[in-house]
Amino acid sequence: LVDAPRASGALMNEATGEDLSIGGPTGLFSKALRDAGKKISVSSLKGMGLRDESVWNEVVTTCVELASYNARDTVRQLE
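Residues numbered from 1 in each chain as written. Predicted model: local features only at pLDDT ≥ 70, side-chain atom pairs only at ≥ 80, totals over all residues. Heavy atoms only, no water.

Got a sec to walk through the side chain of Ser 68? Specific residues and values, please.
Take Ser 68: it is sitting in helix H4 (residues 52-78). Contacts of Ser 68, omitting those with residues within four sequence positions, involve Asn 13, Glu 18 and Leu 20. (Helix = DSSP H or I, 4+ residues; strand = E, 2+ residues; numbered from the N terminus. Contact = heavy atoms within 4.5 Å.)

As structure tokens, this is what we get:
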């Protein structure tokens, strides 16, 4: 999974083709989830009438953005 993200597709951003694992330390998802929890107010989203699927979509999108930032930064440092 980590050695061949393109083969598994699990750590690839389909929209950009980025390998999200390249900037990912151990525990990337838990770190991104924690950071997303700091940015997203679930109670506010629920108060606006959003369904659970929409709230989780917001969380997943935020996690992918954070992983993308990490990957781009790592690639920049390697160049």
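Having seen it, we continue.
Kindly report on the nonpolar core, identifying the contributing residues and their values.
Among the nonpolar cores identified, the biggest contains 8 residues, and these are Ala 32, Ala 36, Ile 40, Leu 45, Val 55, Val 59, Cys 63 and Leu 66. Listed by contribution, the elements that provide at least two residues to this core are helix H2 (28-39) and H4. When residues in this core are grouped by element, the largest group, 4 residues, is from H4. (Core = buried A, V, L, I, M, F, W, Y, C linked by side-chain atoms within 4.5 Å. Buried < 20%, exposed > 50% of the residue type's maximum accessible area, 1.4 Å probe, protein only.)

Could you give an account of a nonpolar patch on the surface, with specific residues and numbers?
A surface patch of nonpolar side chains, about 420 Å² in accessible area, is lined by Phe 29, Leu 33, Trp 56 and Val 60. Note on placement: Val 60 falls in helix H4. For Val 60, a relative accessible area of 44% corresponds to the partly exposed category. (Patch = residues over 30% accessible without salt bridge, like charges linked within 9 Å, V, L, I, M, F, W, Y side chains within 5 Å. Areas by Shrake-Rupley, 256 points an atom, 1.4 Å probe, with all protein chains shown as cover. Salt bridge = Lys/Arg side-chain N within 4 Å of Asp/Glu carboxyl O.)

Go over the pattern of salt bridges, please, and point to the residues and values.
Summed over all chains, the structure comprises 4 salt bridges. Across the pair Glu 53 and Arg 51 runs a salt bridge, and its minimum N-O distance is 3.3 Å. Its relative accessible area of 58% is what places Arg 51 among the exposed residues. Put simply, Asp 73 and Arg 76 hold a salt bridge, and the shortest N to O gap is 2.5 Å. One end of the pair is Asp 73 and the other is Arg 76, both in helix H4 and 3 residues apart, which spans about a single turn.

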